[in-house]
Amino acid sequence: KVKELEDLGIKAVSLFPCVEDRLKTSDAKEAFNPESLNQKAIRSVKAACPNMLIMSDVALDLYNSDGHDGIVDSKSGEVLNDETVEILVKMALAQADAGADIIGPSDMMDGRVGMIRKALEKHGHKNTNIMAYTAKYASSFYGPFRDALDSAPKAGDKKTYQMNFANSIEALKELEMDTNEGADIVMVKPGLSFLDIIYRVKQASTLPVAAYNVSGEYAMIMAAAEKGWVDGEKLMVETLTSFKRAGADIILSYFSERMAKLLKNS
């Protein structure tokens, strides 16, 4: 499949594994297992397509039996920031060792970009980029993704560490922190309902800005197109263009293959 994407002109893929329940634990140790599905997938893709850039997700929700992006205190139910960052560093190193070109910390723990950057450089991965999920909002648009990978929290929600969608100022504070800690690329997620944030981040940053066109945004358009209510192809183009217009240099999207085919055939 990745070879097909490469032939269409797509330069990068982002990998998200579907982890078996039996491998999910409260300490999320499978996240940094060198023989995990994710690390095997990175090696396989890199072997088949050496020139394809691989971005790998760094967060614990796919490996955590609690379903949260971080380690959960069994008594208080609090997501523990510092304990989580220690595991995220191990996870990032395992992915870099496997061949990931871009590390994508999507967990929103404080200080994780700086710790990952230090660890990557210490272990010889100076050229491995960090695409920080700088402004990741607590959004209902993540629903289809969480259902597909069974990564929804078992209790509580992610609002304690993901951002309030009514708050725009916090994005610029997060941008400053991630930049100072060594991020190479900054991201806004979701994209469609946060075009203003993409614009503000682009105006405030000299780093490349990424927009994440998430699963709910994709599903919303595809479902309406299936009903015959909208022209799905035209709405896809309009949506992706809006990200570029707002200032995104990079777009992560479930539409990538469809859009690449359209561009190749136009």
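The notes below deal with the structure included here.

About the cut-offs
- Per-chain numbering applies: the sequence of each chain, read as written, is numbered from 1 onward.
- Owing to the predicted nature of the model, reporting of local features is limited to residues with pLDDT of at least 70; listing and counting of side-chain atom pairs is limited to 80 or more, with chain, interface and lining totals taken over all residues.
- Side-chain numbers come from the whole structure's heavy atoms, not from hydrogens or water.
- Any two strands are treated as partners once DSSP identifies two or more bridges connecting them.
- Comment: elements are numbered from the N terminus, with helices defined as DSSP H or I runs of at least four residues and strands as E runs of at least two.
- Angles run from 0 to 180 degrees between N-to-C directions of axes, and those axes are lines fitted to C-alpha atoms, restricted for helices to the stretch in contact.
- Whether two residues are in contact is decided by their heavy atoms: any pair within 4.5 Å suffices.
- Note on angle classes: values under 35 degrees are labelled roughly parallel, values over 145 roughly antiparallel, values of 65 to 115 roughly perpendicular, and the remainder oblique.
- Throughout, a crossing is termed right-handed when the near helix is turned clockwise from the far one, and left-handed when it is turned anticlockwise from it by less than a right angle.
- Polarity classes work like this: nonpolar for Ala, Val, Leu, Ile, Met, Phe, Trp, Tyr, Cys and Pro, charged for Asp, Glu, Lys and Arg, and polar for all others, with Gly in that last group.

### Brief notes about the sheet that holds strand E2 (residues 53-58)
Argument step 1. As summarised here, the arrangement of the seven strands in space is E1-E2-E5-E6-E7-E8-E9, forming an open sheet in which the pairing is parallel. Both edges of this open sheet fall to strand E1 (12-15) and strand E9 (250-253), since each of them pairs with a single strand only. Strand-to-strand twist in this sheet, taken as the mean axis angle between neighbours without regard to direction, amounts to 25 degrees.
Argument step 2. For strand E7 (residues 185-189) and strand E8 (residues 209-213), the ladder comprises three bridges, and the chain directions are parallel. Counterpart to Val186 in the pairing with E8 is Val209.
Argument step 3. Helix H3 (residues 81-98) contacts E2 and strand E5 (102-105) of the sheet and is inclined by roughly 160 degrees relative to E2.

### A word on the packing of helix H2 (residues 37-48) against H3
Any two packed helices are characterised by how steeply their axes cross, that is the angle between the axes, and by the distance between the axes.
Argument step 1. Running from N to C, H2 and H3 point in directions that differ by 25 degrees, and their axes come no closer than 8 Å. On the basis of their axis angle, the class for H2 and H3 is roughly parallel. Our pair here, H2 against H3, has a crossing hand that is right-handed. Between H2 and H3, the contacting residues are Asn38, Gln39, Ile42 and Arg43 on the first element and Ala94, Gln95 and Ala98 on the second.
Argument step 2. Along the lines of polarity and charge, the residues of the contact of H2 with H3 split into three nonpolar, three polar and one charged.

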